[in-house]
Amino acid sequence: RIVHNHRHQSSSKHSNAPSSFVMSSSTLPTKTESSPMKTEELPSAKKPRKDDDERVAHAARLLFKSPILSVPQAMICNDFTDAESKDRALQQRVRRLHSKLDKGLVNADTLLDVGKEYEDSYIPFADKARDFLTKSTDQFVCVKVCGEKLDEAGFVRLSKREAFGGKLVPGGSYYYTTNHSTLVAFTVGAKFKPGNGFKIIGGHTDSPRLIVKPLSKRTASGCVQLGVECYGGGLWYTWFDRDLGVSGRVLVRTIDEVTQKEKIEQHIISIHKPIARVSSLCIHLESAEERRAFKVNREEHLSPIIGTQKVLESTVELQLNQFGEDGDAWKQGQEPALMSLIASELGIETKQICSFELGLFDCQPASLGGMKNEFLYSARLDNLATVHCALETIMDYSASEDLANDDMISLIACFDHEEVGSNSAQGAGSPVMSEAVERITDALSENPHSRDPETHASAIRKSFIFSVDQAHAVHPNYSGKHEKNHGPKMNAGVVIKTNQNQRYATNGVTGFFARELARRGDVKVPMQEFVVRSDCACGSTIGPVLSANTGIRTVDLGMPQLSMHSCREVMGIADLTHGLNLFKAFFKHFNELDNCMEG
C-alpha cells in the first residue's frame with residue numbers, strides 16, 4: 001500500500017494543497033506572479049528522464065484533483081482505477097513522488113495544474129451527456145435530438161421508402177429512422193467495396209416509464225388524473241413524488257398548402273413542465289405491514305394527479321367547442337386540459353389532434369454529483385448513455401482522416417422496444433439490422449438493382465457488432481449480489497458481459513476482440529468482466545437477438561451503473577469517456593485486428 005506520513009503544520013499557509021494533504025511551509029516552494037517557481041529552479045531537483053514524463057504526470061493526475069480518487073484514497077489504494085497504474089513501477093514512482101513533495105523537490109503548483117487538466121478530460125464530455133440526457137425525454141425525442149445533431153454534422157437523411165441506389169458514395173455519411181423511434185446512422189469508408197464488412201455499435205432508445213393510456217381521462221375523489229400503463233420493468237416505487245412532464249408523438253390533421261388535400265403530420269413534443277405527480281400515501285394512513293413493504297399496485301397506485309375537478313371542470317365546455325362534432329370516441333376519452341396543453345405547445349387547434357403516444361418523465365435535469373463531481377445522476381442512463389457515446393463516435397469518425405483509408409462501413413443502430421423484448425417492427429428482433437446491411441451493400445454495388453447472395457454472405461462474415469447496454473455495478477450495500485470475481489465498479493472501465501446460457505452473445509473470441517481493441521486504441525481503455533451469480537437469473541439485451549437474426553459476431557458490453565430502471569440512475573463520468581474511447585478504437589482498429597485473426 002502506498003502510505004506516507006506527512007508533517008502537519010498550520011494548514012492556513014498551504015491553501016494550494018488539498019486540506020487532507022498538508023505539507024510543511026519550510027519544504028513547499030511558493031509561487032508568486034513576479035517570480036514563478038519552477039521545478040528546475042530548485043537546487044536539489046533532478047530533471048526527469050524523458051521516458052518518465054508521461055508516467056510521472058499520470059501519477060500526479062491520480063494524486064491531485066482527480067474526479068476518481070481523492071488524495072487520501074490515492075495514498076492508500078493498492079490498485080488505481082486506470083489499467084496503467086496497476087504497473088508496479090508506477091506505484092514505486094508514486095512513492096518517490098510523495099518523498100519529493102515532502103522534501104520540497106517537486107513544485108506542487110505545477111502538479112495541481114496537471115491534475116486540473118486530468119479533471120477537465122472527463123467533465124466536458126460528461127456535460128455534453130448531461131445536456132443530451134435532459135433533452136432526450138423518451139425514444140421519440142431521443143431520435144429527434146440525434147437527427148438534429150447528425151444534420152449539423154453533415155449527415156444526409158435518407159427515406160426508407162425510397163431506394164438507396166445512386167444516393168450513397170464512398171466517404172459519405174447518412175442516417176435514417178424507423179417509426180421515429182429507431183435510428184440507423186453510418187459512414188462509408190472511402191475504400192469500401194461491396195462484400196466488405198460492417199462495424200456496428202448497437203444500443204436502444206427506450207427506457208421504463210409510465211405511458212398514457214389510449215383513453216387518458218380519469219377522475220377520483222375530486223381529482224383529475226391520467227390513466228397510465230407501465231412500460232418495461234421499472235422500479236415503480238421510485239416514480240412517487242416526482243415532478244413529471246409529458247413527451248412523445250402527436251398526430252395532427254392538417255391541409256397541404258400546395259395540393260389542398262388533407263394530410264396527417266407527426267410531431268414530436270417534450271413539455272418540460274411538472275403537470276403530473278404520483279403522490280405517495282402518508283405514513284399515518286399506512287398499516288404496519290404496508291410500512292415494512294412498499295408494495296405498488298400498478299393499476300391503482302400509479303395514476304398521476306394533474307389537477308382538481310373544481311378547477312379543471314371549466315374545460316368541459318372547451319372540449320365540446322374545440323374537439324369538433326365528429327363523434328370521435330378517442331377524443332371524447334381524453335382529458336380536455338391535456339389536449340389543450342398539447343395544442344398550445346404545437347400552435348394548433350385542439351380539434352386537429354387525432355392521436356398521440358405520450359409518456360411521463362421526471363422533470364429534474366441530469367446533473368453531476370459526488371464530492372469530486374465524479375458521478376452522473378440522470379434518468380434514462382439505461383440506455384441513452386450508450387446512444388450518446390455512439391452518436392458522438394460516429395460523428396467524430398465521419399470527419400476524421402481515418403475514413404480515407406477505411407474499406408468498411410461504420411454504423412450505429414439504436415433500437416426501440418428493448419425493454420419489452422425487442423419483438424416489434426422497430427426493435428432489434430425486426431428486419432432493421434439485416435435490411436441495413438443488405439440495402440447499403442446493394443446501393444454501393446456496380447448494379448444496385450441486382451442482389452448477389454454471395455456478396456451479402458461475405459459482408460456478414462466480415463462484420464462485427466458491439467451490443468452495448470448499461471451494466472450492473474457492485475452496490476456497496478448489496479455487494480453479495482455479485483459473483484465475487486466479476487463485480488464491475490463505477491469509474492473503473494467498460495464491462496464485458498458473459499453468460500453461457502446465451503443471455504449475452506459474448507464468447508471467447510468476441511470477448512477477446514473487445515479487450516484487444518481496448519488495448520490497441522489511441523487511449524488505453526480499462527476493461528472489466530461481469531458474470532451473474534449461478535444462483536441468480538440473468539437479464540438479457542439486444543446482443544443475442546441481433547446475432548441470431550443476422551449471424552454477425554457479437555460481444556455484449558456496457559458501462560457500469562447503479563439504480564438501473566429507477567426513475568433516477570447513477571454512473572461514473574470516467575466510464576462515459578472510457579466508452580467513447582473504446583468505440584473510437586473499434587471503428588479505427590477493428591479491420592487490422594480482424595485480418596490477423598485466424599478463421
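Residues numbered from 1 in each chain as written. Predicted model: local features only at pLDDT ≥ 70, side-chain atom pairs only at ≥ 80, totals over all residues. Heavy atoms only, no water.

Digging into the layout of surface pockets
In this structure, the largest pocket encloses a volume near 880 Å³. In terms of lining, the largest pocket is formed by 31 residues, of which the most central are H472, F530, G539, M564 and H565. Looking at the lining of the largest pocket, its residues break down into twelve nonpolar, 13 polar and six charged. (1 Å grid on protein atoms, 1.4 Å probe; cavity = no way out; pocket = protein on both sides within 12 Å on 5 of 7 lines; lining within 4 Å. Points joined across faces, edges and corners; volume = space filled by probe spheres on them. Nonpolar A, V, L, I, M, F, W, Y, C, P; charged D, E, K, R; others polar.)

Re the nonpolar core
In terms of nonpolar packing, the biggest core is built from 61 residues, with L150, I201, L376, F466, L557 and L576 touching the most fellow members. Setting aside anything within four residues of it in sequence, one finds F466 in contact with I200, I201, G202, L517, V555, L557, L582, F583 and F586. (Core = buried A, V, L, I, M, F, W, Y, C linked by side-chain atoms within 4.5 Å. Buried < 20%, exposed > 50% of the residue type's maximum accessible area, 1.4 Å probe, protein only. Contact = heavy atoms within 4.5 Å.)

Considerations on unusual backbone geometry
With an omega of 15°, the peptide bond between D382 and N383 qualifies as cis. Positionally, N383 belongs in helix α12 (residues 381-398). Positive phi values are uncommon outside glycine, yet H417 reaches one of about 65°. Here H417 is to be found in the loop between β13 (409-415) and α13 (432-443). (Helix = DSSP H or I, 4+ residues; strand = E, 2+ residues; numbered from the N terminus.)

A closer look at the side chain of S173
Tracing the sequence through the fold places S173 in strand β2 (residues 173-178). Setting aside residues no more than four positions away along its own chain, S173 makes contact with G154, F155, V156, F186, T187 and S398.

Focus on the sheet that holds strand β17 (residues 527-530)
Pairing in this open sheet of nine strands is mixed, and the strands run β1-β2-β3-β13-β4-β14-β18-β16-β17 from one edge to the other. Here the strands that pair on one side only, and so sit at the sheet edges, are β1 (156-157) and β17. Where strand β3 (residues 182-188) meets β13, six bridges bridge the pair, whose relative direction is antiparallel. Bridge assignment links V184 to a residue of β13, and that residue is A413. α13 rests against β2, β3, β4 (198-204) and β13 of the sheet, and its axis sits at about 150° to β13. (Pairing = 2+ DSSP bridges. Axes fitted to C-alpha atoms, helices over the stretch in contact; angles between N-to-C directions.)

Points about the packing of aromatic side chains
Summed over all chains, the structure comprises 17 aromatic pairs. Aromatic side chains F164 and Y176 sit 5.5 Å apart centroid to centroid with 50° between the ring planes, which places their arrangement in the tilted category. In this pair, F164 sits in the loop between β1 and β2 while Y176 sits in strand β2, placing the two residues twelve residues apart along the sequence. Ring geometry for F466 against F586: centres 4.0 Å apart, planes inclined by 15°, an arrangement best described as stacked. With a gap of 120 residues between them, F466 in strand β14 (residues 464-468) and F586 in helix α17 (residues 573-595) connect regions that are remote in the sequence. According to the relative accessible area criterion, F466 is buried, its value standing at 0%. For F586, a relative accessible area of 0% translates into the label buried. Cluster of aromatic residues (ring-pair linked, three or more members): Y397, F464, F466, F512, F513, F583, F586, F587 and F590. Over the ring of F164 we find R439, and its NZ or CZ is 4.0 Å from the ring centre. (Phe/Tyr/Trp six-rings, centres within 6.5 Å; stacked < 30°, edge-to-face > 60°. Lys NZ or Arg CZ within 6 Å of the ring centre and 35° of its normal.)

Here's the deal with the confidence of the model for the protein chain
Of the residues in the protein chain, 77% reach a pLDDT of 70 or more, and the chain-wide mean stands at 84. Taken as a whole, residues 1-53 scores under 50 in pLDDT and shows 83 contacts with residues more than four places along the chain or in a different chain. Every residue in residues 62-87 is under pLDDT 50, and counting partners more than four places away or in other chains gives 73 contacts. (pLDDT = per-residue confidence, 0-100.)

Thoughts on the packing of helix α6 (residues 139-152) against α12
In contact at an axis separation of 11 Å, α6 and α12 are set at 15° when each is read in the N-to-C sense. Taken together, the axis directions place α6 and α12 in an arrangement best described as roughly parallel. Pair α6 / α12 crosses with right-handed handedness. Packed against α6, whose contacting residues are C142, C146, K149 and L150, the element α12 presents L384, V387, L391, I394 and M395 at the interface. Of the residues contributing to the contact of α6 with α12, the split by class is eight nonpolar, no polar and one charged. (Parallel < 35°, antiparallel > 145°, perpendicular 65-115°, else oblique. Left-handed = near helix turned anticlockwise from the far one by under 90°.)

Description of the pairing of strand β16 (residues 494-497)
Residues in a regular strand point their side chains to alternate faces of the sheet. Neither face of β16 is exposed, since V494 and I496 on one face and V495 and K497 on the opposite face are all buried. One ladder, built from four bridges, connects β16 with β17; its direction is parallel. Each residue of the ladder has a partner; that of V495, found in β17, is Q528. On the question of chirality, the crossover connecting β16 to the parallel β17 by way of helix α15 (residues 508-520) is right-handed. One ladder, built from three bridges, connects β16 with strand β18 (residues 553-558); its direction is antiparallel. Following the sheet pairing, I496 is matched in β18 by L557. (Right-handed = clockwise from strand over helix to strand, strands pointing away.)

Some remarks on the environment of A548
Its location among the elements puts A548 in helix α16 (residues 542-550). Between the C-alpha atom of A548 and that of A505, which follows or precedes it by 43 residues, the distance is 9.0 Å.

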